[in-house]
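# Structural features, examined
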Amino acid sequence: RFGLGYLEDRAVTTTTASGATNVFAGDDTILVSRFRLNIDGIAETDGGVRFEARVRLQADENASTGEANSAGLNGARFSVIYGGLRVDAGNVSGAFDNLANYYGNEPGLESFIGQYSGVDYDFLGYSPTGSGANAVFFQYAVGDFAFGASYDQRTTYSAGVATDADRWDISATYTFNNITAALAYGQTDGGAGSDPSLTVLTLGAEFGDLSGTLFVADDATEVATTDGTAYGLSLAYNLGAATTLTFAYGDGSADADTQNYGIGAIYDLGGGASLRGGIGVSDCDVCADSTLRADFGAQFNF
Amino acid sequence: RFGLGYLEDRAVTTTTASGATNVFAGDDTILVSRFRLNIDGIAETDGGVRFEARVRLQADENASTGEANSAGLNGARFSVIYGGLRVDAGNVSGAFDNLANYYGNEPGLESFIGQYSGVDYDFLGYSPTGSGANAVFFQYAVGDFAFGASYDQRTTYSAGVATDADRWDISATYTFNNITAALAYGQTDGGAGSDPSLTVLTLGAEFGDLSGTLFVADDATEVATTDGTAYGLSLAYNLGAATTLTFAYGDGSADADTQNYGIGAIYDLGGGASLRGGIGVSDCDVCADSTLRADFGAQFNF
Amino acid sequence: RFGLGYLEDRAVTTTTASGATNVFAGDDTILVSRFRLNIDGIAETDGGVRFEARVRLQADENASTGEANSAGLNGARFSVIYGGLRVDAGNVSGAFDNLANYYGNEPGLESFIGQYSGVDYDFLGYSPTGSGANAVFFQYAVGDFAFGASYDQRTTYSAGVATDADRWDISATYTFNNITAALAYGQTDGGAGSDPSLTVLTLGAEFGDLSGTLFVADDATEVATTDGTAYGLSLAYNLGAATTLTFAYGDGSADADTQNYGIGAIYDLGGGASLRGGIGVSDCDVCADSTLRADFGAQFNF
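Residues numbered from 1 in each chain as written. Chains lettered and ligands numbered in written order. Predicted model: local features only at pLDDT ≥ 70, side-chain atom pairs only at ≥ 80, totals over all residues. Heavy atoms only, no water.

Our next topic: the environment of A:Leu124. All names here are of chain A. Within the element layout of this structure, Leu124 appears in the loop between strand 8 (85-90) and strand 9 (135-142). Spatially, the C-alpha atoms of Leu124 and Phe207 are 32 Å apart, while their sequence positions differ by 83 residues. Sequence-distant contacts of Leu124, that is, excluding residues within four places in its chain, are made with Val92, Ser93, Gly94, Asp97, Ala133, Ala135, Ser150, Asp152, Arg167 and Asp169. (Helix = DSSP H or I, 4+ residues; strand = E, 2+ residues; numbered from the N terminus. Contact = heavy atoms within 4.5 Å.)

The next subject is the relation of the copies chain B and chain C. Rotating chain B by 120° and translating it 0.0 Å along the rotation axis places it on chain C, where the RMSD comes to 0.0 Å. What we have between these two chains is a three-fold relation. No C-alpha of chain B approaches the rotation axis more nearly than that of B:Gly72, which lies at 4.8 Å. Residue by residue, only 3% of the interface of chain B is reproduced at the interface of chain C, so the copies engage with different surfaces. (Least-squares fit on C-alpha atoms with pLDDT ≥ 70 in both.)

Quick look at a negative patch on the surface now. All names here are of chain A. Together, Asp164, Asp189, Asp195 and Glu222 make up a negatively charged patch on the protein surface. Looking at the secondary structure, you find Asp189 in the loop between strand 14 (179-188) and strand 15 (197-207). Looking at Asp189, the relative accessible area reads 31%, which means it is partly exposed. (Patch = residues over 30% accessible without salt bridge, like charges linked within 9 Å, V, L, I, M, F, W, Y side chains within 5 Å. Areas by Shrake-Rupley, 256 points an atom, 1.4 Å probe, with all protein chains shown as cover. Salt bridge = Lys/Arg side-chain N within 4 Å of Asp/Glu carboxyl O. Lys, Arg positive; Asp, Glu negative; His and termini not counted. Charge placed at Lys NZ, Arg CZ, Asp CG, Glu CD. Buried < 20%, exposed > 50% of the residue type's maximum accessible area, 1.4 Å probe, protein only.)

Once that is clear, we can look at the relation of the copies chain A and chain B. With an RMSD of 0.0 Å, the fit of chain A onto chain B corresponds to turning through 120° and sliding 0.0 Å along the axis. A share of only 3% of the interface residues of chain A reappears at the interface of chain B, consistent with the copies meeting through non-equivalent patches.

Inspection of the entire model under this criterion finds 24 salt bridges over all chains. Across the pair A:Arg54 and A:Asp40 runs a salt bridge whose closest N-O atoms are separated by 2.8 Å. Of the two residues, A:Arg54 sits in strand 5 (residues 50-60) while A:Asp40 sits in strand 4 (residues 29-44), which places them 14 residues apart along the sequence. Note on A:Asp40: relative accessible area 41%, which makes it partly exposed. The partner of C:Glu52 in a salt bridge is C:Arg50, with the nearest N and O atoms 2.9 Å apart. Classification of C:Glu52 as buried rests on a relative accessible area of 16%. When its relative accessible area of 28% is taken as the criterion, C:Arg50 is described as partly exposed. Several salt bridges share partner residues, and in doing so they unite A:Asp122, A:Asp152, A:Arg154 and A:Arg167 into one network.

It is worth spelling out the environment of A:Phe2 at this point. Of note, A:Phe2 is situated in strand 1 (residues 2-7). You can call A:Phe2 buried: its relative accessible area is 11%. Residues A:Phe2 and A:Phe35, spaced 33 residues apart in sequence, show a C-alpha to C-alpha distance of 8.6 Å. Leaving out residues up to four positions away in the same chain, A:Phe2 has contacts with A:Val32, A:Ser33, A:Leu109, A:Gly297, A:Ala298, A:Phe300, B:Phe51, B:Phe78, B:Val80 and B:Ala89.

Residues and elements named next belong to chain C. Located in the positive-phi region is Ser111, a residue other than glycine, with phi close to 50°. If you trace the backbone, Ser111 turns up in the loop between strand 8 (85-90) and strand 9 (135-142). With relative accessibility at 29%, the residue Ser111 sits in the partly exposed group.

In this assembly, 34 residues from chain A lie in contact with 36 residues from chain B. At the boundary of chain A with chain B, total buried surface from both sides reaches about 2,500 Å², with 69% on carbon and sulfur atoms. Scanning the region where chain A abuts chain B turns up zero salt bridges. Linking chain A with chain B are six residue pairs in polar contact (both at pLDDT 80 or more), by the criterion used here. Of all the secondary-structure elements, those providing two or more residues to the side of chain A that touches chain B are strand 2 (11-15), strand 3 (21-25), strand 4, strand 5, strand 6 (72-73), strand 19 (259-270) and strand 21 (291-300) of chain A. Of the residues forming the side of chain A that touches chain B, the biggest block, seven residues, is contributed by strand 4 of chain A. Residue composition of the side of chain A that touches chain B, grouped by class: 17 nonpolar, twelve polar and five charged. (Buried area = accessible area lost by both parts, 1.4 Å probe. Polar contact = N/O pair within 3.5 Å; in protein donor to acceptor, adjacent residues only side chain to side chain. Nonpolar A, V, L, I, M, F, W, Y, C, P; charged D, E, K, R; others polar.)

All names here are of chain A. Of note, Thr173 is situated in strand 13 (residues 167-176). Using a relative accessible area of 14% as the deciding quantity, one classes Thr173 as buried. The spacing of Thr173 and Ala184 is eleven residues in sequence and 8.7 Å in space, taken between C-alpha atoms. Here Thr173 is in contact with Ala100, Asp144, Phe145, Ala146, Thr180, Ala181 and Ala182, once residues within four sequence places are set aside.

Right, let's talk about the interface of chain B and chain C for a bit. Each partner contributes to the interface: chain B provides 34 residues, whereas chain C provides 37 residues. Overall, the association of chain B and chain C removes approximately 2,500 Å² of surface from exposure, summing both partners, and the carbon and sulfur fraction of that is 69%. Between chain B and chain C we count zero salt bridges in total. Where chain B touches chain C, the interface holds six residue pairs in polar contact (both at pLDDT 80 or more). Looking at the side of chain B that touches chain C, the elements with two or more residues in it are strand 2 (11-15), strand 3 (21-25), strand 4 (29-44), strand 5 (50-60), strand 6 (72-73), strand 19 (259-270) and strand 21 (291-300) of chain B.

Ranked by size, the top nonpolar core spans 55 residues in total, and within it A:Phe35, B:Phe35 and C:Phe35 carry the most contacts. Apart from residues lying up to four places away in sequence, C:Phe35 is in contact with A:Ile39, A:Ala53, A:Arg54, A:Val55, A:Ala76, A:Phe78, C:Leu57, C:Gln58, C:Ala59 and C:Phe302. (Core = buried A, V, L, I, M, F, W, Y, C linked by side-chain atoms within 4.5 Å.)

Turning to the side chain of A:Thr45, a few remarks are in order. Structurally, A:Thr45 can be placed in the loop between strand 4 and strand 5. For A:Thr45, a relative accessible area of 7% translates into the label buried. Leave out the neighbours within four places in its chain, and A:Thr45 touches A:Phe51, C:Leu269, C:Gly270 and C:Ala273.

What follows covers the packing of aromatic side chains. Taken as a whole and judged by the stated rule, the model has 46 aromatic pairs over all chains. When the ring of A:Phe145 is compared with that of A:Tyr174, the centres are 4.6 Å apart and the planes differ by 25°; the resulting orientation is stacked. With A:Phe145 in strand 10 (residues 145-152) and A:Tyr174 in strand 13, this pair connects stretches of sequence that are 29 residues apart. Under the relative-accessibility criterion, A:Phe145 is labelled partly exposed at 41%. Overall, A:Tyr174 belongs to the partly exposed group, its relative accessible area being 33%. With a centroid separation of 5.4 Å and 40° between ring planes, the pair formed by C:Phe96 and C:Phe123 is classed as tilted. Of this pair, C:Phe96 sits in the loop between strand 8 and strand 9 while C:Phe123 is found in the loop between strand 8 and strand 9, placing the two residues 27 residues apart along the sequence. Across the pair, exposure class does not vary: C:Phe96 and C:Phe123 are buried alike. (Phe/Tyr/Trp six-rings, centres within 6.5 Å; stacked < 30°, edge-to-face > 60°.)

And the structure:
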């Protein structure tokens with residue numbers, strides 16, 4: 001995908017040899033782009049067990065200076081799939097990252113507006129450009145129900161001290177008629193202090209050309225300025241055969257929680273290509289000023 | 001491609017931990033090689049618009065020490081193609097880099113001799129191993145005419161100061177019978193000082209087994225020792241069914257302009273493979289000594 | 001391949017900004033994994049000469065911290081093949097790395113036990129994740145005989161001094177009935193001092209479901225604590241249709257030579273997938289303590 005991206009008061013930070021940093025006003029409008037290629041290896045045993053391995057090759061623009069970045073490779077993910085059971089190992093997504101309707105509809109070519117903006121908990125997620133975690137994710141689907149769980153064995157090292165920072169999460173999803181409800185809980189080992197945790201409930205529904213998602217979360221990261229309830233919703237409406245309009249709103253009850261909202265449009269060109277654009281505003285209760293962002297461009301799959 | 005490369009007085013520079021540099025005499029003859037793989041993604045809309053994305057995977061030898069380098073990925077290029085119109089975005093070639101007969105015939109396995117050697121202007125070019133520019137290039141072909149233009153939004157940062165260094169270039173190409181004439185002009189925003197610029201005229205012609213190119217340029221980079229006229233020519237002659245001889249000469253009117261000339265030979269093995277070699281000399285008016293360089297090896301496409 | 005790996009007393013070393021290092025006790029059991037993809041380019045001339053080029057994409061876990069690493073690309077290898085003759089250039093394997101039965105059977109998912117453990121000579125080998133050497137390897141097979149030879153032009157640079165460290169090796173292999181015998185010799189230019197060298201003799205034989213290898217080497221690296229004879233053996237036994245048991249033992253006559261032994265099992269799942277595991281002990285005459293290591297997991301080819 002590629003196009004033009006506008007960000008109000010885009011800033012460029014440079015570091016001199018002596019370690020001092022300078023901040024410059026950058027170009028508000030830059031060329032944005034992403035090249036993403038999944039390299040998948042698949043094998044299936046005589047007994048019907050499926051093994052998969054994936055490495056992703058991705059190139060993005062530098063969102064600060066507007067220059068291009070070289071493409072890079074991320075950490076590998078390995079999967080074993082048998083019937084409704086799936087086990088992922090390596091650079092995996094956790095139960096939140098895989099949760100139905102967690103992200104909802106994200107307007108814009110770059111999906112820069114989301115209903116989850118009030119969440120500050122750092123859950124286990126797939127790293128598209130870095131090495132990611134080395135964790136395990138389990139998923140089991142049976143009838144209308146699906147269950148997920150992940151465990152990430154982590155240790156952080158800071159001068160002279162090693163701290164356990166293991167994290168785990170679980171989820172349950174139930175689909176009835178045109179509605180999907182999903183609930184997830186996760187927590188991180190906080191050592192001597194309290195354990196940060198997150199609870200998320202999502203609802204998704206489809207009514208003909210209109211579909212929408214609802215999002216409520218209890219964000220308990222043990223940081224007063226961002227803890228509390230996070231909430232949001234998103235909508236998508238098919239306007240005729242090729243055009244889709246999207247909307248998203250996300251907010252949180254804490255003073256420093258990010259509030260954002262915006263609308264987007266997608267025009268399908270066929271053959272896996274589409275034109276996409278969006279415009280949105282991001283703000284918070286204690287922020288000096290809100291930030292306007294917009295983009296427009298083409299996305300295609302190959 | 002791979003083979004042997006000879007460079008007179010090859011030097012290796014090392015840097016110690018304290019920052020001091022040492023220069024050693026390296027091996028004059030080393031193993032040279034290049035592995036290049038274009039990873040292309042293509043999609044075509046129902047309306048016949050073609051989208052393309054490319055990332056290149058390349059590995060080269062270290063030309064200084066003669067050791068191998070690991071392969072790397074470069075910045076991505078995105079293209080939209082419809083009829084005679086083509087728009088590239090990202091890590092693109094500009095109007096000079098795309099100009100007909102700009103490079104002409106370059107003798108040697110490593111194409112180390114070129115008619116353009118007198119040019120010192122830094123035009124927008126495709127980066128095969130780095131991230132490249134994040135620019136836009138337009139091309140439009142109609143009948144015997146073709147037009148090109150590019151624009152690269154750039155800013156350079158040096159301690160405490162941000163300087164605009166945007167650059168643009170345009171070109172026109174006309175083909176009549178067996179002759180192609182091309183003209184291009186480009187300039188770079190020089191801030192408070194003068195804007196460096198470059199004007200290039202090329203002619204290419206084919207007469208049976210012989211083909212040749214002529215090159216004249218006005219190099220105005222606002223640096224006295226290299227400004228002035230740059231000129232050169234190149235020839236290729238098919239000697240029988242499988243052998244091609246090549247020759248190139250390039251020079252400039254300024255004292256520090258590089259003068260080089262050399263001959264090469266290509267023997268086609270079929271199946272996309274060929275044996276290639278060349279020998280040439282590089283010098284300048286104020287250089288202490290000329291440098292002899294030669295190489296020989298095999299090149300194959302896959 | 002991926003699975004669980006256990007290493008007794010796994011240690012993590014971190015470096016602070018001021019250069020001090022801290023060693024922590026890591027998790028003994030971690031997720032181990034490897035993603036390996038060979039990117040091969042092949043061309044064949046009209047005369048039947050085959051050209052090949054290979055770059056490998058590989059991702060491994062960080063064996064110290066148990067976290068994942070991003071995937072990377074290694075240095076390229078180029079080959080010319082014609083009849084029984086093969087010439088490799090670039091990031092190549094030498095005569096030892098290519099020697100029949102040098103590695104023998106290596107128990108465990110990660111092949112962590114080997115009959116060659118007593119060898120300390122640093123021979124030319126293929127680098128799966130780094131740039132590797134820029135060397136040449138020749139191989140010629142005729143009837144029951146095969147010959148190999150390699151040459152690596154190297155120079156090492158340390159503060160102010162450049163030292164030649166060229167190395168070469170040769171090998172001969174003879175196969176008669178179910179037995180393969182192979183002999184190899186190599187040495188490295190040691191500058192003013194003595195030249196380190198290595199001589200290896202291997203025997204491999206197959207008797208129905210049982211196969212085995214014998215290994216004897218004269219390790220002359222000019223380091224008293226590791227010089228002397230290195231020896232070992234390995235066995236593989238097919239237990240029914242799908243299961244293979246493996247065993248390896250390696251030792252050396254010098255005090256600091258690594259002694260190791262262990263057993264492994266492979267259960268074939270069909271479709272290129274298998275379950276693998278192993279357990280082994282590593283020790284040396286002057287080591288304070290032995291180290292137990294074990295692993296289990298799945299390996300699949302795609």
